[in-house]
Every structure is written in structure tokens, then in C-alpha cells.
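Coordinate inspection notes
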Amino acid sequence: MISFFFEVLIGGLLSGVMYSLVALGFVLIYKASGVFNFAQGSLVFFAALTFVGLTEHGLSFGVALVATLAVMIVLGLLIERLVLRPLVNQPQISLFMATIGLSFFIEGLAQLLWGANVRGLELGIQDEPIKWLSDVAGINVSKFDLVAAGIAAVLVAGLGLFFSRTRIGRALRAVADDHQAALAVGIPLQQIWGIVWAVAGFVALVAGMLWGARNGVQFALTFVALKALPVLILGGFESIPGAIVGGLIIGATEKLAEVFLGPYVGGGIEGWFPYVLALLFLLVRPEGLFGEKIIRRI
Amino acid sequence: MLYREAGQFKSTYAADAAILPIRQDRIGLALILVVAFVVIPLTATPYLFSAILIPCLILALAALGLNILTGYAGQLSLGTAAFMAVGAFASYNFLLRIPGIPLLLAFAGGGVMAAAVGILFGLPSLRIRGFYLAVATLAAQFFILWFLTKVGWVTNYNSSGVITARGMVIAGYAFDSPQEKYLLVLTIVTLLALAAKNMTRGNIGRQWMAIRDMDVAAEVIGIRPVRAKLLAFAVSSFYCGVAGALYAYAYLGTVEPEAYNLDLSFRILFMIIIGGIGTILGAFLGSAFIVVMPIVLTIVVHFLDDTLHLSVASSVASNVELMVFGGLIIFFLIVEPHGLARIWQITKEKLRLWPFPH
Amino acid sequence: MQPDPPLPTPTRRIGDVILSLEHISLAFGGVKALSDITFDVREHEVRAIIGPNGAGKSSMLNVINGVYRPQQGTITYRGRVRRGMDSHDVAVAGIARTFQNIALFKGMTVLDNIMTGRNLKMHASFIEQAIWIGRARREELAHRAKVEEIIDFLEIQHIRKTPVGRLPYGLQKRVELARALAAEPSLLLLDEPMAGMNVEEKQDMCRFILDVNEQYGTTIVLIEHDMGVVMDISDRVVVLDYGRKIGDGDPAAVRGSKAVIDAYLGVAH
């Protein structure tokens with residue numbers, strides 16, 4: 001029984017890592033431009049679909065990867081240029097709704113280009129239990145999930161360092177704080193935003209590939225991406241470690257609730273549990289675990 | 001030349017405060033009402049009623065509800081469809097369990113139930129704002145739909161999950177034909193739209209807009225944000241609830257949770273963005289746009305298919321539809337954030353001057 | 001030829017103390033905005049609060065009207081003693097204010113903004129408003145008439161249907177004053193009502209403030225930087241510096257006080 005609990009817990013934590021990856025993309029863009037990019041999920045979907053589509057057309061893994069990365073970067077730059085720049089002075093709610101529209105656009109485009117069939121994505125890592133762990137402790141932990149967690153950890157560490165140690169990272173933080181001030185100090189706003197969207201595109205690609213390999217590349221992926229929202233609420237919108245912690249919590253609690261509470265109420269809790277959890281959390285702490293308290297002066 | 005206001009003086013505040021102070025507007029509205037209530041029922045085809053007019057009116061009602069909440073009171077909601085579902089299922093249960101209950105009362109009861117649920121899920125808005133609130137409404141959307149699917153009592157333990165909506169009968173008269181359904185829906189929607197217009201012009205409307213624009217200042221002048229916000233949720237959900245009941249009984253013919261999914265919530269949000277946030281007219285313009293657009297697209301695709309022999313798959317049309325919707329949202333937000341309603345207003349202002357340029 | 005005899009000064013009866021602040025201390029995190037402030041305001045007078053930027057003047061008004069709750073001290077308004085007042089209760093008690101950075105409702109017209117000031121006097125329920133009969137209709141029209149009086153008084157008839165966001169700064173300030181007046185307050189708090197105005201606009205605003213004080217008997221507490229205005233129109237002055245009170249009395253006395261000169265006014269060269 002205990003080992004089953006741990007199995008579910010670890011499985012949940014690892015799937016939480018996946019949520020974190022999607023949330024990372026959100027955090028990057030929000031941190032640097034103050035835009036809440038609802039379309040991040042569809043970017044993940046688009047990346048995965050493009051990669052699979054390219055490999056189906058005969059490109060090798062490596063070439064397809066590079067090509068998809070290039071596509072994502074170009075897409076990010078286009079989004080910044082065509083959607084965000086014209087809306088730069090509008091209230092945040094307008095930008096948010098524009099990204100909702102963007103998400104629909106990208107989903108339609110992705111399916112238009114590559115078709116709507118479910119595809120498998122092969123990454124070469126097997127989704128099977130780690131043998132010695134299941135032999136010794138009776139716990140089944142998927143090799144794949146562990147590798148995904150490792151990749152996510154590397155990504156997070158890298159991004160964290162990037163933001164806090166490099167000059168560009170500092171510029172990004174300045175831009176997120178105050179556009180006008182950043183401009184006044186000579187930070188090239190457009191370039192910075194271009195960089196941010198490119199990095200977010202890269203993160204979306206990694207997330208897309210991992211998710212796609214795990215669950216198959218299909219439209220339902222965009223719903224998975226919606227789950228990143230409760231992650232952001234728990235972890236705060238601006239914190240990279242927060243995205244990870246939030247993801248872990250959401251992933252773990254979601255699975256635990258489904259397995260242990262689900263049978264009492266007919267199952268299917270996974271669909272709403274993270275949102276209700278986030279809602280309850282917001283009532284107590286509106287800025288999230290890692291977010292900053294907002295003081296409004298009049 | 002046609003649209004001159006000159007010579008129309010208002011000598012009382014009552015006249016100035018009227019919904020349509022300009023005589024030409026009143027004539028215009030009278031014409032629209034005549035067309036809507038008389039001409040269309042006599043001339044339109046059943047297809048027009050069932051596929052366009054009825055859903056357009058019903059969704060406009062839901063859009064009105066969302067506009068009250070998001071456009072006037074500034075509380076972003078992504079759970080509109082869930083409140084519609086509550087209205088539909090509540091109406092179903094009233095009709096089922098209270099024999100002989102009048103149809104309209106059942107619908108109103110559905111609206112009231114939706115309002116109650118709306119207040120419940122609106123409580124977080126007292127602490128949370130902006131897109132945090134949007135996520136909270138997502139919780140409502142997913143939870144409510146799960147609840148309506150899982151809890152047997154609500155669906156009367158129906159095994160298939162799809163309940164057939166019985167026909168609409170008021171005082172012995174059955175509203176069966178598309179024409180009759182259309183007239184019933186039109187009447188209900190018109191009355192509720194009038195009520196909405198009155199509310200938004202009055203004190204409660206100003207309270208809502210004050211909360212939306214600067215709630216700290218609103219508090220300082222004595223408005224109670226708690227009451228105003230919860231009232232916005234209640235009224236908005238009532239409208240969505242009635243719309244949901246009509247959606248089931250006058251349009252779909254079934255009462256099922258899947259019809260009220262997240263996709264519908266987004267469509268209604270798109271309606272008010274394109275139509276014009278914070279306007280009553282916008283709900284109708286947006287609804288017409290969103291309902292008619294897919295049909296137009298399908299026609300265009302078929303036309304291209306036939307003339308250019310492209311043999312376009314049907315999935316292409318639906319994907320293009322997604323892209324067009326998404327693109328139009330972005331387009332409107334960039335070019336005219338106040339939507340079609342503002343474009344209409346600008347047109348009227350140009351008409352005032354016509355044929356003079358300025 | 002004899003010079004004209006001096007015009008009799010209008011006799012405003014300055015009454016008893018209606019607002020009393022005692023030992024008010026307010027801090028945000030580590031920042032002390034107000035330290036042990038004590039002063040009072042008499043009915044029908046014009047009380048000015050002056051001091052350098054950051055002295056805590058706006059915070060003082062925010063405490064009076066319930067936006068901030070002081071950590072220490074009490075506020076006594078018309079005999080009721082409390083630590084801090086709830087915004088809503090303050091409004092009901094008849095205190096209205098304007099803000100330094102205009103707090104108008106940008107999405108509404110001038111008329112609607114001022115009508116919101118009548119909010120506490122409207123009692124029709126939302127259902128009555130939805131049907132627009134009887135009480136709702138009568139109230140709306142009656143309050144509209146009252147608001148039009150204020151619009152006349154402040155000479156803003158020509159912009160009554162303009163969305164507030166489109167107005168120039170000076171007019172927005174006037175609309176904000178109108179909204180505060182619409183509540184028929186007994187105490188009016190004005191936060192830098194003349195900031196950013198040119199000489200003409202300032203004269204107009206002074207005239208309006210004095211008219212409000214004389215015609216309606218409204219007690220006025222105002223924050224202002226323009227010393228000329230302060231000396232001209234106020235009955236008594238409080239001086240704040242770094243959250244402390246460094247002067248309190250009639251304008252002439254305050255102007256001559258060394259502490260105030262050192263901190264704020266400076267010396268004429």
C-alpha cells in the first residue's frame with residue numbers, strides 16, 4: 001500500500017515536471033514583457049506537431065530538431081512583431097485576450113499544416129520501469145519520466161542562471177519591470193523581446209517533444225497546457241523556481257486525488273482538481289507562493 | 001442629411017435620458033422590431049430559423065450576460081458555458097419534478113439557480129482580480145461540467161447522458177415549429193435585453209463600471225464592491241442560465257453537459273470582444289458574427305472546392321475557422337478594441353454629417 | 001475724496017471641532033509615513049495641510065477617509081471615536097474627497113461620473129432599475145437635476161457627455177471636484193486640487209472652493225503647494241515634514257515660524 005502511494009506520488013511528481021516545462025514558457029514571457037501568453041500551450045502543440053511532421057517527411061531526428069527550433073524562433077519573432085507590438089499600450093486584459101485569439105490561430109494553423117491525426121513521437125527513451133527500483137522497493141518509476149525530469153532540471157538551472165547572471169538576463173528583468181525606464185537606459189526593447197520569444201519557443205519545443213513522446217501528439221495537448229495555469233498560480237507568474245515547485249505540487253496532488261479520492265466520487269477528478277486547488281490557494285494567498293505582494297497606491 | 005439631429009431639443013431630463021434620444025434612431029429601432037417580429041416569421045425558411053436566427057439570439061443572450069460581468073463590471077470570466085449548463089439542467093429538473101410548472105417559470109428558475117451558482121463562484125472575485133480570476137472561472141467551468149455528468153440525480157439517472165428536451169408548451173400552446181420557437185426566443189431575449197439596457201444605464205450599471213475602472217475610488221464614494229461584484233455575477237449568471245435553458249429546449253433539443261464545453265465559453269468571449277465590450281448592442285453584433293462566420297466559411301470553401309476542384313477536406317474548413325476567429329480577435333483588438341459596436345457608432349456619426357465631409 | 005469703505009468681510013461662523021486626529025502613526029513595512037500626528041478641524045473652516053513632498057500629506061488624508069488604517073492613534077468625527085474608519089462608513093458619514101492622481105472612472109462620461117457621487121442617495125433596487133418604473137425612474141431624474149446644478153456651479157455644462165478620459169487635466173480635476181460635491185459632503189478632502197494648473201485655472205478653482213465653503217458651509221481640508229493660495233484661502237494651516245507635525249496655526253503664524261521656514265518655505269534672498 002505504501003509503495004503504491006509512493007508510486008503514484010512519484011508518477012505525479014514527474015508528470016508535474018511536464019507541467020512545469022509548459023509553465024516555464026509562460027513565466028519567461030511574463031517576466032520579460034508582462035504579457036500573459038495564453039497561447040503557450042498551442043505553441044507547445046505546434047512545436048511537437050512540426051517536429052513529428054518533419055520527421056514523417058523524411059528528415060532525420062537531428063535535422064528535424066534544428067529545423068523545428070528555427071521555425072519556433074521565427075514564429076516567436078513574428079508573434080512579437082505582429083501581435084504584441086501593435087498592442088503595446090493597451091491594458092493587460094487586451095493583451096491577454098489577444099493571446100487567447102493567438103492560441104486559436106496557432107492551433108488551427110498547426111492542424112492545417114500537419115493534419116489532425118494523433119501521432120506518436122519517438123525519442124528513443126523507453127517508457128518502462130527502472131528495473132532495480134522495482135526489484136528492490138517494489139516501486140515502478142518510468143525511465144522516461146526520470147529522463148524528462150532530468151532535462152527539465154537542466155533547463156531550469158540554465159534559465160535561472162541566464163536570468164540572474166548574464167547581461168541579457170539583467171536586461172530582460174529590467175524590461176519586465178518598466179518598459180519606459182529600460183528604453184531610457186538604452187536597452188533595445190525589440191531585440192530583447194525577440195530573444196525572449198525565441199527562448200520561449202525553445203522551451204515550448206522541449207516541452208512539446210517530451211509531452212508528445214509520453215502521450216502522443218494530439219489536440220488534447222492544448223488542454224494539458226491549460227493545466228499550466230494552476231501551476232502558475234501556485235508558483236507565481238514571475239518565478240522560475242516557482243514554476244517547478246508549482247508544477248510538482250499540481251502534478252502530485254492531481255494524481256493522488258484521482259487515485260485515492262476519485263473512486264469515491266466516480267472518477268474524473270483530474271479534470272478540475274488542479275483548478276479548484278489553485279482557486280482555494282488564491283483565496284489565501286493571491287500572489288502565489290513565490291510571487292510578490294502587490295501594494296496599490298492611489 | 002437623413003440623420004440630422006438639428007431641431008430635436010430635449011426639454012426634460014427624462015427625454016435626454018431616454019435610450020434612443022434621436023428620432024431617427026427610434027424609427028430605426030421600430031423598423032428592426034417590425035422586421036424581426038413580423039417580416040422574418042413570414043418569410044424566412046426553417047433552415048434560417050434553426051441554424052442562424054435562433055442560436056444567434058440565444059447566444060446573444062449569453063453574450064449579454066458575459067458582457068455585464070466582463071464588459072461592465074470588469075470581472076473576466078471563462079466559465080460562461082458552465083453557467084448556461086446549470087440553467088439548462090436546473091430547468092430540466094424543475095420541469096421534471098414539479099408537475100404542471102409553467103415553462104417560463106422553469107426557465108426563470110433555471111436562471112435563478114445559475115445565479116446562485118454564479119454568486120458562489122463569484123466569491124473569489126472579492127480577493128482575486130484580472131487573469132487570476134479567469135483561472136478561477138475555469139475551475140467553475142470544469143468542475144460544474146464534471147458535476148453535471150457524474151451526479152446521477154441531476155440527470156435523473158439517465159444512462160446515456162443525453163436527455164431529450166421535451167417540447168415547449170405554454171398555456172396549452174405548443175411551440176413546435178421553427179417559426180414559433182423563433183418568436184418565443186425573440187420575445188424572451190428582447191425583454192431581457194431591454195432590462196439589461198436599463199440596468200446598465202442606471203445606478204447599478206454605474207456602480208459596475210466604477211468597480212471596473214477604479215475600485216478603490218468606488219469604495220471611497222460609498223459603493224460596496226462586494227455587493228456590486230456579487231450582483232454582477234448573479235445577474236450575469238441569470239442571463240447565462242436562461243440562455244442555457246433556451247439553448248437546450250429551443251435549439252439543441254437535448255440537455256447534455258458536453259454542449260456547454262470550454263469551447264462555447266471561448267466563443268461567447270469572442271462574441272463580446274468582436275461585438276464590443278461593455279455595450280448591449282455588441283452582444284448581438286458579436287453573436288451574429290460568430291454564428292454566421294462558420295457558415296460563410298463553409299460556403300466559401302465549398303465554392304472554391306467546386307470551382308477550383310481543390311477537393312478540400314472538411315477538416316480544413318474547421319481549421320481555417322479557428323485561424324479566422326483567432327486572427328479576427330487579434331485584428332479587432334489592434335484596430336478597434338471596442339468592436340463592431342464602436343464601428344457602428346462611428347458610422348452613425350459620419351452619417352450625421354453626410355453628405356458633408358465635416 | 002474719501003476712499004471707499006472696506007467691504008465687510010463675509011462672516012462665516014467657524015464652529016466647533018468636528019474632526020480630531022490624535023497621535024496618529026502610520027507605517028508601511030519599515031517606512032514610517034506618519035508619526036504621532038495630532039490636530040483638529042473646525043466646522044465650516046478651510047484647513048490647509050502643507051509640507052515638502054513625501055511628508056505624509058496624502059497619507060494623512062487616506063487615514064481620514066478610511067483607505068489606510070493607522071497602527072496607532074484615534075480619529076474622532078462628530079463625536080464618534082474609532083481607530084480607523086471603513087471607507088464605506090466614511091462616505092456615509094458625509095466625508096468626500098478628491099485625489100492627487102485623478103481617480104475618475106475613465107470609461108464613463110462626465111455626467112455618469114458625477115452621478116456616481118449620488119450613489120449613496122439612491123435606493124431603488126436593481127430590479128426596479130431593470131424595469132425603469134416608479135422609484136427607479138423618479139430617483140434617477142431627481143438626482144440628475146441635482147447633478148445638473150453642480151455642473152452649472154462648476155461651469156462644465158459643455159462637456160457633460162464627454163468621456164472623462166478625453167478631457168484635459170484641469171477639467172478632469174474639476175469633474176472630480178464635482179463628483180465629490182455630488183455627495184453633499186459635510187467634510188471635503190482635497191488632495192492638491194490645483195496641481196498642474198495655470199494661473200487662470202487656479203483662480204477658478206480657488207473661487208469654486210471658496211464658493212463651496214461659503215454657500216454650502218462645507219468644511220474643507222486641502223493639501224496644497226502653492227503658498228499664495230494657502231495664505232489666501234485657508235483659515236488655519238498644519239505643516240508636516242517627514243511624517244511629523246512641525247507647525248499648526250493661522251497662516252501668518254505658520255509663515256513666520258522658523259521650523260517651517262527651515263523645512264519648507266525657505267528664506268527670501
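Computed from a prediction, not measured in an experiment: that's the story for all the values here.

On to the packing of aromatic side chains. Across all of its chains, the model carries 28 aromatic pairs over all chains by this definition. A ring pair is formed by Trp272 of chain A and Phe273 of chain A, whose centres lie 6.3 Å apart and whose planes are at 50 degrees; its orientation type is tilted. Residues Tyr275 of chain A and Phe142 of chain B carry aromatic rings whose centres are separated by 4.8 Å and whose planes lie at 40 degrees to one another, so their mutual orientation is tilted. You can see Tyr275 of chain A sitting in helix H13 (residues 273-284) and its partner Phe142 of chain B sitting in helix H6 (residues 130-150), one on each of two chains. In this pair, the class of Tyr275 of chain A matches that of Phe142 of chain B, namely buried. An aromatic cluster of at least three residues, connected via ring pairs, comprises Phe26, Phe36, Phe38, Phe96 and Phe104 of chain A together with Phe266 and Phe270 of chain B. The side chain of Arg97 of chain B reaches across the aromatic face of Trp153 of chain B, ending 4.0 Å from its centre. One cation-aromatic arrangement involves Arg179 of chain C over Phe105 of chain C; the distance from NZ or CZ to the ring centre is 4.8 Å.

Evaluation of the coordinates by the stated rule reveals four cavities of 30 Å³ or more. The volume enclosed by the largest cavity comes to roughly 70 Å³. As for the largest cavity, its lining consists of Gly202 and Asn203 of chain B together with Met122, Ala124, Gln129, Trp132, Ala136, Glu139 and Glu140 of chain C. Of all the elements, helix H5 (residues 134-153) of chain C adds the most residues to the lining of the largest cavity, at three residues. Of the volumes computed, that of the second largest cavity is approximately 50 Å³. Considering the residues around the second largest cavity, the lining is formed by Thr98, Phe99, Lys173, Glu176, Leu177, Leu190, Asp191, Pro193 and Met205 of chain C. A class-by-class count of the residues in the lining of the second largest cavity yields five nonpolar, one polar and three charged.

This part covers the side chain of Ser77 of chain B. Assignment of secondary structure puts Ser77 of chain B in the loop between helix H3 (46-72) and helix H4 (80-97). Residue Ser77 of chain B is classed as buried on the basis of its relative accessible area, which comes to 1%.

Contacts between chain B and chain A engage 38 residues on the former and 45 residues on the latter. Between chain B and chain A the total buried area reaches about 3900 Å² when both faces are included, carbon and sulfur atoms providing 82% of it. Among the residues of chain B in contact with chain A, Phe131, Tyr132 and Met323 of chain B are the three that bury the most area, contributing 19% of the side total. Linking chain B to chain A there are zero salt bridges. Remark: the boundary between chain B and chain A carries one residue pair in polar contact (both at pLDDT 80 or more).

So, on to the layout of surface pockets. For the second largest pocket, the calculated volume is near 540 Å³. Phe104, Glu107, Phe219 and Phe223 of chain A together with Asp263 of chain B are, among the 23 residues lining the second largest pocket, the residues nearest its centre. Secondary structure elements with two or more residues in the lining of the second largest pocket: helix H2 (40-56), helix H4 (92-114) and helix H10 (221-226) of chain A together with helix H10 (262-275) and helix H12 (314-335) of chain B. No other element matches the five residues that H10 of chain B contributes to the lining of the second largest pocket. Here the residues of the lining of the second largest pocket are counted per class, giving 13 nonpolar, six polar and four charged.

Now for the side chain of Gln141 of chain B. The residue Gln141 of chain B is located in helix H6 in this model. With sequence-adjacent residues up to four places away left out, Gln141 of chain B is seen in contact with Leu78, Gly79, Thr80, Ala81, Ala82, Tyr260, Asn261, Leu262 and Ser265 of chain B.

All right, on to the environment of Gly87 of chain B then. Residues and elements named next belong to chain B. Topologically, Gly87 is positioned in helix H4. Taking relative accessible area as the criterion, Gly87 reaches 0% and is therefore assigned buried. Setting aside residues up to four positions removed in sequence, Gly87 forms contacts with Gly110, Ala114, Gly241 and Ala245.

We now examine the pattern of salt bridges. All names here are of chain C. One pass over the full model with this rule turns up 26 salt bridges over all chains. One salt bridge in this structure joins Glu148 and Arg144, with 3.0 Å as the shortest N-O distance. Of the two residues, Glu148 and Arg144 are both situated in helix H5; the distance of four residues between them amounts to about one turn of the helix. Both residues of the pair, Glu148 and Arg144, count as buried. Residues Asp248 and Lys245 are paired through a salt bridge, measuring 3.1 Å at the closest nitrogen-oxygen approach. Take Asp248: its relative accessible area is 36%, and that puts it in the partly exposed class. For Lys245, a relative accessible area of 33% puts it in the partly exposed group. Linked through salt bridges whose partners overlap, the residues forming this network are Asp40, Glu45, Arg47, Arg236, Lys245 and Asp248.

Here the focus is the packing of helix H7 (residues 178-201) of chain B against helix H8 (residues 203-220) of chain B. Residue and element names in this part refer to chain B. Interaxial distance between H7 and H8 falls to 4 Å at its minimum, and their mutual angle equals 65 degrees. Relative to H8, H7 is oriented roughly perpendicular. In contact with Met199, Thr200 and Arg201 of H7, H8 contributes Asn203, Ile204, Gly205, Arg206, Trp208 and Met209. Here the residues of the contact of H7 with H8 are counted per class, giving four nonpolar, three polar and two charged.

Residues and elements named next belong to chain C. As summarised here, the arrangement of the four strands in space is S2-S1-S4-S5, forming an open sheet in which the pairing is antiparallel. If you trace the sheet from one side to the other, it starts and ends with strand S2 (31-42) and strand S5 (80-82), each paired once. Taking the axes of each pair of neighbouring strands and ignoring which way they run, one obtains an average angle of 15 degrees across the sheet. Pairing geometry for strand S1 (residues 17-28) and strand S4 (residues 72-77), over five bridges, is antiparallel.

So, on to a nonpolar patch on the surface. Residue and element names in this part refer to chain B. A cluster of nonpolar side chains, contributed by Val292, Val296, Val300, Phe303, Leu304 and Leu308, occupies part of the molecular surface with about 490 Å² of accessible area. Tracing the backbone shows Val292 in helix H11 (residues 280-308). Val292 gets classed as partly exposed once you look at its relative accessible area, which sits at 31%.

Reading the values: rules and limits
- Residues numbered from 1 in each chain as written.
- Chains lettered and ligands numbered in written order.
- Predicted model: local features only at pLDDT ≥ 70, side-chain atom pairs only at ≥ 80, totals over all residues.
- Heavy atoms only, no water.
- Phe/Tyr/Trp six-rings, centres within 6.5 Å; stacked < 30°, edge-to-face > 60°.
- Helix = DSSP H or I, 4+ residues; strand = E, 2+ residues; numbered from the N terminus.
- Buried < 20%, exposed > 50% of the residue type's maximum accessible area, 1.4 Å probe, protein only.
- Lys NZ or Arg CZ within 6 Å of the ring centre and 35° of its normal.
- 1 Å grid on protein atoms, 1.4 Å probe; cavity = no way out; pocket = protein on both sides within 12 Å on 5 of 7 lines; lining within 4 Å.
- Points joined across faces, edges and corners; volume = space filled by probe spheres on them.
- Nonpolar A, V, L, I, M, F, W, Y, C, P; charged D, E, K, R; others polar.
- Contact = heavy atoms within 4.5 Å.
- Buried area = accessible area lost by both parts, 1.4 Å probe.
- Salt bridge = Lys/Arg side-chain N within 4 Å of Asp/Glu carboxyl O.
- Polar contact = N/O pair within 3.5 Å; in protein donor to acceptor, adjacent residues only side chain to side chain.
- Axes fitted to C-alpha atoms, helices over the stretch in contact; angles between N-to-C directions.
- Parallel < 35°, antiparallel > 145°, perpendicular 65-115°, else oblique.
- Pairing = 2+ DSSP bridges.
- Patch = residues over 30% accessible without salt bridge, like charges linked within 9 Å, V, L, I, M, F, W, Y side chains within 5 Å.
- Areas by Shrake-Rupley, 256 points an atom, 1.4 Å probe, with all protein chains shown as cover.

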